[in-house]
Structures are given as C-alpha cells and as structure tokens.
Amino acid sequence: MKMTVCVKTALILVALSGTSARLSWAYEGGAVTDGGSISGTVKLNGAAPEVKAPDINKDQEVCGKTKPSDALVMGADKSIKFAVVRLTNIAKGKKLETAAKSVLDQNKCHFDPHVVVVTVGGTLQIKNSDPITHNVHTFSIENDPVNKAQPKSLPLIEAKFTANETIKTQCDIHKWMGAWIMATDNPYVAVTDEHGKFSLTDVPPGTYKMEIWHETLSRETKEVVVKARADTAVAVELKKK
Ligand SMILES: [Cu+2]
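All figures in this text were calculated on a predicted structure; none of them were measured in a lab.

Undergrad: Would you mind going over the packing of aromatic side chains in detail, with residue names and values included?
TA: Within a pair of aromatic rings, the relevant descriptors are the distance that separates the centres and the angle that separates the planes. One pass over the full model with this rule turns up one aromatic pair. Measuring from ring centre to ring centre gives 4.9 Å for tryptophan 180 and tryptophan 213, while their planes differ by 65°; the resulting arrangement is edge-to-face. In this pair, tryptophan 180 sits in strand E15 (residues 178-184) while tryptophan 213 sits in strand E18 (residues 206-213), placing the two residues 33 residues apart along the sequence. Side by side, tryptophan 180 and tryptophan 213 carry an identical accessibility label, which is buried.

Undergrad: Account for the confidence of the model for the protein, with residues named and values stated.
TA: Looking at the protein as a whole, its pLDDT mean stands at 91, while 90% of the residues score no less than 70. Of the regions scoring below 50 in pLDDT, residues 1-24 engages in one contact with residues more than four places distant in sequence or in other chains.

Undergrad: Summarise the state of the cysteines; cite the residues concerned and give the values.
TA: A complete count under the given rule lists one disulfide for this structure. Disulfide pairing is shown between cysteine 63 and cysteine 109; the S-S distance is 2.0 Å. Since a negative S-S torsion denotes a left-handed disulfide, the cysteine 63-cysteine 109 link at about -60° is left-handed. Taken together, the residues span a long stretch of sequence, with cysteine 63 in helix H2 (residues 60-63) and cysteine 109 in the loop between strand E7 (101-106) and strand E8 (111-112) at a distance of 46 residues.

Undergrad: So, the pattern of salt bridges: which residues are in play, and what are the values?
TA: Summed over all chains, the structure comprises five salt bridges. With a closest N to O distance of 2.2 Å, arginine 229 and aspartate 34 form a salt bridge. With arginine 229 in the loop between strand E19 (220-226) and strand E20 (231-238) and aspartate 34 in the loop between strand E1 (28-30) and strand E2 (36-44), this pair connects stretches of sequence that are 195 residues apart. Of the residues examined, aspartate 34 reaches a relative accessible area of 40% and is grouped as partly exposed. Across the pair arginine 219 and glutamate 211 runs a salt bridge whose closest N-O atoms are separated by 3.3 Å. Of the residues examined, arginine 219 reaches a relative accessible area of 53% and is grouped as exposed.

Undergrad: Before we move on, can you summarise the sheet that holds strand E13 (residues 156-160) with the specific residues and values?
TA: A sheet is described by the order of its strands in space; here four strands give the open sequence E8-E7-E10-E13, paired in mixed fashion. Whereas interior strands pair on both sides, the edge strands pair on one side only; in this sheet they are E8 and E13. The pairing of E7 with E8 spans two bridges and is antiparallel. Paired with aspartate 105 across the strands is aspartate 112, a residue of E8.

Undergrad: Kindly report on the sheet that holds strand E11 (residues 134-139), identifying the contributing residues and their values.
TA: A sheet is described by the order of its strands in space; here five strands give the open sequence E9-E15-E14-E11-E12, paired in mixed fashion. In the strand order of this sheet, the two ends are held by strand E9 (115-119) and strand E12 (147-150), each with one partner. Ignoring which end each strand starts from, the neighbouring axes of this sheet average 25° apart.

Undergrad: Give a description of the coordination of the copper ion that names residues and reports values.
TA: Listed as protein donors to the copper ion are His134 (ND1), Cys171 (SG) and His174 (ND1); their distances from the metal cover 2.0 to 2.2 Å. Along the chain, the residues donating to the copper ion are arranged with the sequence spacing H-x36-C-x2-H. Placement of the pair is histidine 134 in strand E11 and cysteine 171 in strand E14 (residues 165-171), with a sequence separation of 37 residues. Each member of the pair, histidine 134 as well as cysteine 171, is classed as buried.

Undergrad: Tell me about the pairing of E14, and name the residues and values.
TA: Most of E14 sits inside the fold, with five of its seven residues counted as buried. Looking at chain direction, E11 and E14 are connected through four bridges and run antiparallel. Residue pairing in the sheet places phenylalanine 139 in a bridge with lysine 168 of E14. Across six bridges, E14 lies against E15 in antiparallel orientation.

Undergrad: How would you summarise the nonpolar core if you had to cite specific residues and measurements?
TA: In terms of nonpolar packing, the biggest core is built from 24 residues, with Ile38, Val42, Leu87, Phe198, Val203, Met210 and Val236 touching the most fellow members. Among the elements of the structure, E2, strand E5 (84-87), strand E17 (197-203), E18, E19 and E20 are those that each provide at least two residues to this core. With near-sequence residues (within four places) excluded, valine 203 lies in contact with Val32, Gly35, Gly36, Ser37, Leu87, Ile90, Tyr188, Tyr208 and Val226.

Undergrad: Report on the side chain of serine 37, specifying residues and quantitative values.
TA: Along the polypeptide, serine 37 turns up in strand E2. Among the polar contacts made by the side chain of serine 37, one reaches the side chain of aspartate 231 at a distance of 2.6 Å. What serine 37 contacts, discounting residues up to four positions off in sequence, is Leu200, Thr201, Val203, Val226, Ala230, Asp231 and Thr232.

About the criteria used
- Residues numbered from 1 in each chain as written.
- Predicted model: local features only at pLDDT ≥ 70, side-chain atom pairs only at ≥ 80, totals over all residues.
- Heavy atoms only, no water.
- Phe/Tyr/Trp six-rings, centres within 6.5 Å; stacked < 30°, edge-to-face > 60°.
- Helix = DSSP H or I, 4+ residues; strand = E, 2+ residues; numbered from the N terminus.
- Buried < 20%, exposed > 50% of the residue type's maximum accessible area, 1.4 Å probe, protein only.
- pLDDT = per-residue confidence, 0-100.
- Contact = heavy atoms within 4.5 Å.
- Disulfide = S-S within 2.5 Å.
- Salt bridge = Lys/Arg side-chain N within 4 Å of Asp/Glu carboxyl O.
- Pairing = 2+ DSSP bridges.
- Axes fitted to C-alpha atoms, helices over the stretch in contact; angles between N-to-C directions.
- Donors = N, O, S within 2.8 Å, 3.2 Å for Na, K, Ca; no water.
- Core = buried A, V, L, I, M, F, W, Y, C linked by side-chain atoms within 4.5 Å.
- Polar contact = N/O pair within 3.5 Å; in protein donor to acceptor, adjacent residues only side chain to side chain.

Written out as structure tokens, the structure is:
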C-alpha cells in the first residue's frame, strides 16, 4: 500500500513539474526595440525521398485529373518550400497577433495554403470554394480536433487553437487532400517560400533555439544568436528521414 502511495505521489510531482515547466515558457508580447532578424534558406542535403503523385480518383470534374504532391516541393539548388522555422524557447518579444484570421481554403480539391500558421488564441477560417462536399479532419491532440463535413452550403468553419501543435489535416472524402496547421503561441514562425527562404523579424537580441520542421524530411534544431539591429543568416540543410 505504501508503495502505491509513493508511486502516486511521484506521478503527481512529475505532473506538477511538467505544468510549471510549461508555464515558465508562457510567451509575453510587447514592444521590441533594437530587434534583429534571422533569415536564411532551407535546402535538401543528399538524395530526395520518393514522393508519390496524388491519386485523384473521384470528383474529377471539380478536382481535375492530376496534381503535383505538396509533400516535397523543391526549387532550384534543392531549396525546400513548406518547411516551418520557429523559435521554440523565446519568452518575450513582439506581440502575437491574435486578431488577424488565418485562412485555409479548399479549392479544386486542394488545401491552400498547404501549411497555414495560426496563433494560439487566434482563429482559423476553413473555407470551401468548391461546389462539392469536403470533410475537414484535423488530427490534433493538444487542441480540440475538427472533424466536420463542409458542403457548399457551409462555406465557413471557424476553429480556435489553445496550444502549440503541428497538426496533420486532411479531407476524409478526398484522401489526397492534405495540409498542416501550425498553431503557435509566439510570433517567431515562418514557412519557407518557393525559393526555400524564410525571415523572422523584430527578434530581441539573445540566443535562441530554432526548430526547422518539414513533413517529409528530417527535423533539425539550431542555436541562433541575434544581435541588435543586425541580421543573422542561417543556412539550413534537411535530410531524408
Ligand atoms: Cu475533399
């Protein structure tokens, strides 16, 4: 019996320490003076993994017959689009914009954008621009999941997010339709463009941990030093998982 109590106490202590660790990173937004920036390019190092083209097997009159895959979009010099760059240990910096609404549209049976950033406390507007029904399904654990049919008669679904999470999203009707929702409690996050480029601005001087995530490639972390009113250039290389 004594053992059981000990185990329970230990579990409670672990739970409490987890809570305090999380609380200690609560982000505080405000004015940033003397901020610097981090900019760079994300590229693939080595051989590219094989990515299959989506199988468009229904509703072709709306969806079309072929689509390129969004799971690995490479530009010149193996630059990588749709990689997400985020500072993960920043406690204080510029204001997190929760009033602006992020949009995830379903257009011709394709999620646009493929990776959408939404702030914790902000709103994601999920739209359907197609004349057919989609079913939006978010596979979230930290946030309330969405799993909802969206016919033409329901052009807007609004979702709220309460915690940091990288959320796989799909349409259950058209299985090739995939997207990622990046919920963030700090504003230092960027999605790479078609040239693999990203930029984080108004970063208070300091040393930060930067995480780089891509759905198909390796996850990397880097320590980045930011100086007042200066840009820190970072070259990121991702590999096959
Ligand atoms: Cu669909």
